[in-house]
Amino acid sequence: MWHLFAKRKTQWLKLLAAGALVAPGFVLAQAAPEPAARATVKVETLLNELDHPWSLAFLPASQGALITQRSGQLLLWRGGQSGPTPVTGVPEVWVNGQAGLWDVRLSPDFAKNHRVYLSFAQRDSQGQSHAQLGYGTLSADAGHLTDFKTIFVQMPPLQSGINLGGRLAFDAAGNILMSLGDNNQRIEAQNLRSLNGKIIRLTPEGGIPADNPFVGRQDARPEIWSYGQRNPQGLAYNPWNGQLWETEHGPRGGDEINIIQAGKNYGWPLATYGIDYSGSPIPEAKGSHLAGAQDPLYYWRVSPAISGMAFYASAHFPQWQNSLFIAALKEKSLIVLKVKDGKVSGEQRLLSDFGQRIREVQVGPDGYLYLLTDERAGKLLKLSPQ
């Protein structure tokens, strides 16, 4: 009996040291509550047999949507039950683990310039791989990207195909932000001379905005907007207050939602609510809080493996108003968070019995939710309240 007690005590102390447990009375961020009663939705399968689809962007004027597949294809889906068609002119990508073709976003000035932005991994002529960002001009029939131009190449080169980020978002000024994972080089997330574990901000042409927080510093990369991130998988602006929200994979436990601010440190790997996949503490971690760093707005002690997210501001379904929808990979569900006054006030799960990894969620122009499942035979799903 004493041996069992000592073993459990040792395990508890390891978890406490890693930040996976917090001492009573020491709550620094809003932890995920037990999920409320699981709601029901109507699910329509619009496409089957997609190859690990990653991202979705709707074209204006009911022209359909662009879908990326991690294996390197950009597809055009015209709606209805018809299959998608390939869009040509896409750069060749490096496919390895989580690496490949990631996000697709339309320029805020798409009506004028027809630009489509893509994030992806690519191998250079020396055999080194990098996360990259570029854009091409979409043809009138939406079947081809012309004059594709790479505007950003991550340095240092990638060491592996894990923890890569790749999510894109445009701010109100038209600048583009891109999330970059730590690539399993944990402490590099704290190194301002490295772009690992950062969110960067660029002009539409790939230049450095003059108001980026580290412009002019010799000890920091000027592209950096925020740092101390592990694997940022979602970026979206809160439509009610204009804040940039980020979803981030923790290690084993400690998935987070952060509110991203210019120049701020988000703590990884010095602060985390998770532990290593081996069950040991994160070696660099000093607990769940780091003086001078930002605490997460919300976190999960058990990782759902959160990915893309979308705020619901459409008037189409009033019952979904003031909700944030988050795709979950490991948990194979769609998380629904109620948002009030910039905070999370409740949590539900959808599609828990569907049994597929959910990578992407977007609100369509029609007010319905559209999801992509990250499977070898992935799906495009359309959701409405039951």
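Here, every reference points to the structure presented above.
Computed from a prediction, not measured in an experiment: that's the story for all the values here.

Cut-off values and rules
Residues numbered from 1 in each chain as written. Predicted model: local features only at pLDDT ≥ 70, side-chain atom pairs only at ≥ 80, totals over all residues. Heavy atoms only, no water. Pairing = 2+ DSSP bridges. Helix = DSSP H or I, 4+ residues; strand = E, 2+ residues; numbered from the N terminus. Axes fitted to C-alpha atoms, helices over the stretch in contact; angles between N-to-C directions. Buried < 20%, exposed > 50% of the residue type's maximum accessible area, 1.4 Å probe, protein only.

Enquirer: Please provide a residue-by-residue account of the sheet that holds strand β10 (residues 145-153), values included.
Expert: Pairing is antiparallel across the open sheet formed by four strands, whose spatial order is β7-β8-β9-β10. Only two strands of the sheet have a single neighbouring strand rather than two, namely β7 (101-106) and β10. Geometrically, the sheet is characterised by an average inter-axis angle of 25 degrees between neighbouring strands, direction not taken into account. Across four bridges, the pairing between β7 and strand β8 (residues 115-123) is antiparallel. Across the sheet, the residue bridging to Val-104 is Leu-118, located in β8.

Enquirer: Summarise the pairing of strand β20 (residues 323-328); cite the residues concerned and give the values.
Expert: With six of six residues buried, β20 is to be regarded as a mostly interior element. In β20, alternate side chains face the same way, and those of Ser-323, Phe-325 and Ala-327 on one face and Leu-324, Ile-326 and Ala-328 on the other are all buried. In the sheet, strand β19 (residues 306-312) pairs with β20 via five bridges, with the strands oriented antiparallel. Note that in β20 the partner of Phe-311 across the bridge is Leu-324. Judged from the six bridges that link them, β20 and strand β21 (residues 333-340) form a sheet pairing that is antiparallel. When the sheet's bridge partners are listed, Ser-323 is paired in β21 with Lys-338.

Enquirer: Give me the lowdown on the sheet that holds strand β5 (residues 74-77), citing residues and values where you can.
Expert: If you walk across this open sheet you meet the four strands as β3-β4-β5-β6, and the pairing is antiparallel. Edge positions in the open sheet fall to β3 (53-58) and β6 (85-87), since each of these has one partner strand only. Adjacent strand axes in the sheet meet at a mean angle of 30 degrees, parallel and antiparallel pairs treated alike. Bridge count for β5 against β6 is three bridges, and the pairing is antiparallel. Pairing of Leu-76 across the sheet is with Thr-85, part of β6.

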